[in-house]
Amino acid sequence: MNQIQPYVRSLADKYGRERECLLPILQEIVATEHVLSQDAMVEVARELNLSAAEVYGTASFYSFLNTEPYGKYVIRVCKSIVAEMKGKKEIVDKLCDILKIKVGETTPNGKFTLLETNDIGWSDQEPSMLINEKPYTYLTPEKIVQIIAEYQANGKSNNHQQIN
Amino acid sequence: MAPSNGLKRVDVIFGAYASTKYLILQKSIRREKQEIIQDIIDSGLRGRGGAGFPTGLKWKFAAAQPGNEKYVICNADEGEPGTFKDREILMKVPQKMISGMAICAYVIGATKAFIYLRGEYQFMVPDLQKELDNFHEQAREMNFDLTIELRMGSGAYVCGEETALIESMEGKRGEPRNKPPFPVVEGFHGKPTVVNNVETFVNANMICRIGVEEFIKLGTQDSRGSKLFSISGDTPKAGVHELELGMKLSDFVAEFGDDDTKAVQVGGAAGFCVPRKKFDTTIIGFEGMPTGGSMMLFNSSRSMYHVLHNYLEFFEEESCGQCTPCRVGCQQLLLGIEAIKKQERPASYLNQLLKLSETMKIASKCGLGQSVANSFSSIVENYVEEMIY
Ligand SMILES: Cc1cc2nc3c(=O)[nH]c(=O)nc-3n(C[C@H](O)[C@H](O)[C@H](O)COP(=O)(O)O)c2cc1C
Ligand code: SF4
């Protein structure tokens, strides 16, 4: 945690110290640290000349800015009605089964966090999920086994939606 | 009831034309600003984000505001359940959207614009940034002064509401403001701001390309142009389809249903549920049932209780909690239908819940709380038995 001060300062240098720079800074902290710690928020408050309460109050509004530690790979399974109709439950069951955790939990090795989330914009290709920022669609329990194995091994899976 | 326009497929939004040289912009910035605004007004274009405000008027108001600090914001928050058409534009033809934003900036006199992209679409950022870099280069060559920045959401549906979006862009909690003042008068940093949907900007660009005459050949009197539909659920043709507005829902179901369609949810969780018996008398368009484009089909194997329950859970989670009718109302509606289902409450309790949803429509501060009654009453009233047994 000693590193947090120079890190936050570098982010403030990069994005700026105006109030409107707060979210980009918090977003980058979560992307790299997988958590928005109290120390980080206090540091951000100091850099941007805001109260810590102000920073916390803002962060707590956004579901992607977690103040509890998440794993390195955050799995967010879409729970929209269409996802449910297309077999979301089997996907979540399979994930729980492989990762040996329940929805909302993180694996003991800190690698995976399993969450459910509202519509992620792939209703035409349900069931779907995000792993960090990458979308995975048309999921099946078999595909889940493969994707998770690839993440375990390489920290990624090329099974995601291909862009272009 | 207006006559049906039939179901007509169109292919202009993703159609061949997409210029990395921004030729439409180049042409447009040599035209009189008033003339472009008049074109957008004459085209009858209405916002594609759901509310359907006339785009030309919005631009005209913003252009008429004094001062030279103004902003253009592209609303790419696309959080409505069952919507994914902006995703396709952003991935396939971002130039058309960026060009539309730039034309808007030109006519209202803005030099700064933003794309507010939902956090769930983070994966698009590298490609979008590349296109923005190209745009900035082209703009420099045209001597056109405009910077477009990407801003990310962080998983909050309500941030798609334009004033919440602005709060979020200012680095605050995404809590909707009271309107008026509207963003065209006091928006980002209190300055005049145009907020339009992704598809609206593409349409504005299209009008500048093909002209008003051609544009108004599409659609009906009250619903000009084509519309992207996000089609999902019990359909063999899930995906984004471009159709002319003004069609009968029965024509739509004939094309996209699975021969067993029981209901169509038009406009997402915030929209309306149309039961089979009304397919024939429902027109999709501003003269009938307007929609941001989300069309979820349900066949007879689906429980409408289950559908409503899912929507209410969604609203209950996404309500920002700022005003009581919405915060408490969403909870009570959800608990209420659960209690009736478990027979802890009599069926007549549904009437009280319907009244509550009507109160939310009047007393809530923003469109989120105001629109819960749409799906609530349209599902409850059409499927009473499914709610009780
Ligand atoms: C809860 C809520 C969520 C909204 N989400 C979006 C959205 O994701 N995208 C969008 O374009 N408009 C959304 N809107 C509508 C916007 O407030 C605004 O009307 C729209 O961006 C204006 O653009 P348009 O006129 O081009 O449609 C939402 C409204 C509400 C009340
Ligand atoms: S209606 Fe709901 S979402 Fe809108 S301001 Fe009130 S509590 Fe927030």
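Residues numbered from 1 in each chain as written. Chains lettered and ligands numbered in written order. Predicted model: local features only at pLDDT ≥ 70, side-chain atom pairs only at ≥ 80, totals over all residues. Heavy atoms only, no water.

A. A look at the nonpolar core. Grouped together as the largest cluster of nonpolar side chains are 74 residues, with contacts concentrated most on Ile 29 of chain A together with Met 304, Phe 315, Phe 376, Ile 379 and Met 387 of chain B. When residues in this core are grouped by element, the largest group, 8 residues, is from helix H10 (residues 304-318) of chain B. (Core = buried A, V, L, I, M, F, W, Y, C linked by side-chain atoms within 4.5 Å. Buried < 20%, exposed > 50% of the residue type's maximum accessible area, 1.4 Å probe, protein only. Helix = DSSP H or I, 4+ residues; strand = E, 2+ residues; numbered from the N terminus.)

B. Main features of the site of ligand 1. Residue and element names in this part refer to chain B. What surrounds ligand 1 is a group of 18 residues, the closest being Gly 49, Glu 162, Asn 196, Asn 197 and Thr 200. Asn 75 has a polar side-chain atom sitting 3.0 Å from an oxygen atom of ligand 1. Considered on its own, ligand 1 offers 610 Å² of accessible surface; in the complex 89% of this is hidden by protein. At the level of secondary structure, the elements contributing two or more residues to the shell around ligand 1 comprise strand S4 (193-197) and helix H13 (367-382). At 3 residues, S4 tops the list of elements feeding residues into the shell around ligand 1. A per-class count over the shell around ligand 1 returns 3 nonpolar, 9 polar and 6 charged. (Near = heavy atom within 4 Å. Polar contact = N/O pair within 3.5 Å; in protein donor to acceptor, adjacent residues only side chain to side chain. Areas by Shrake-Rupley, 256 points an atom, 1.4 Å probe, with all protein chains shown as cover. Nonpolar A, V, L, I, M, F, W, Y, C, P; charged D, E, K, R; others polar.)

C. Representation of helix H3 (residues 55-64) of chain B within the structure. All names here are of chain B. Among the residues of H3, those classed as buried are Thr 55, Gly 56, Lys 58, Trp 59 and Ala 62. The buried residues of H3 all sit within an arc of 160° when viewed along its axis, so they share a single face. Those residues of H3 that are buried are in contact with helix H2 (33-43), helix H5 (94-108), helix H7 (162-169), S4 and helix H8 (198-215). (Arc of directions from axis to C-beta. Contact = heavy atoms within 4.5 Å.)

D. Layout of the environment of Phe 279 of chain B. Residue and element names in this part refer to chain B. Among the structural elements, Phe 279 can be located in the loop between strand S9 (272-275) and strand S10 (283-284). For Phe 279, a relative accessible area of 6% gives the class buried. Once residues lying within four places of it in the same chain are set aside, the contact partners of Phe 279 are Lys 248, Leu 249, Ser 250, Val 253, Thr 261, Lys 262, Ala 263, Val 264 and Val 274.

E. Geometry of the domain arrangement of chain A. Per the domain assignment, the segments making up chain A are domain 1 (4-61) and domain 2 (73-154). Here domain 1 of chain A and domain 2 of chain A have C-alpha centroids that lie 29 Å from each other. (Domains from an automatic or database assignment.)

F. Here's a closer look at the packing of H5 of chain B against helix H6 (residues 125-141) of chain B. Residues and elements named next belong to chain B. At a closest axis distance of 11 Å, the pairing of H5 and H6 adopts a crossing angle of 50°. Looking at the two axes, H5 sits oblique to H6. Taken as a pair, H5 and H6 cross one another with a handedness that is right-handed. Together, Pro 94, Gln 95, Ile 98 and Ala 102 of H5 and Leu 128, Glu 131, Leu 132 and Phe 135 of H6 make up the contact between the two elements. Grouping the amino acids of the contact of H5 with H6 by side-chain chemistry returns 6 nonpolar, 1 polar and 1 charged. (Axes fitted to C-alpha atoms, helices over the stretch in contact; angles between N-to-C directions. Parallel < 35°, antiparallel > 145°, perpendicular 65-115°, else oblique. Left-handed = near helix turned anticlockwise from the far one by under 90°.)

G. A look at the packing of aromatic side chains. All names here are of chain B. Tallying each qualifying case throughout the model produces 15 aromatic pairs over all chains. When the centroid spacing of 5.2 Å and the interplanar angle of 75° are considered together, the rings of Tyr 22 and Phe 135 count as edge-to-face. Placement of Tyr 22 in the segment before helix H1 (23-28) and of Phe 135 in helix H6 is noted, with a sequence separation of 113 residues between them. Judged by its relative accessible area of 1%, Tyr 22 falls in the buried class. (Phe/Tyr/Trp six-rings, centres within 6.5 Å; stacked < 30°, edge-to-face > 60°.)

H. The arrangement of the domain arrangement of chain B in detail. Residues and elements named next belong to chain B. Each assigned domain of chain B is listed here: domain 1 (23-215), domain 2 (226-299) and domain 3 (304-388). In this structure, domain 1 and domain 3 have C-alpha centres spaced 33 Å apart. Domain 1 puts 10 residues into the contact, and the matching count from domain 3 is 8 residues. Each partner contributes to the roughly 830 Å² buried at the junction of domain 1 and domain 3, and carbon and sulfur atoms together form 69% of this total. Viewed at the interface, domain 3 and domain 1 are joined by 0 salt bridges. Along the contact surface separating domain 1 from domain 3 lie 3 residue pairs in polar contact (both at pLDDT 80 or more). Broken down by class, the residue content of the side of domain 1 that touches domain 3 amounts to 5 nonpolar, 2 polar and 3 charged. (Buried area = accessible area lost by both parts, 1.4 Å probe. Salt bridge = Lys/Arg side-chain N within 4 Å of Asp/Glu carboxyl O.)

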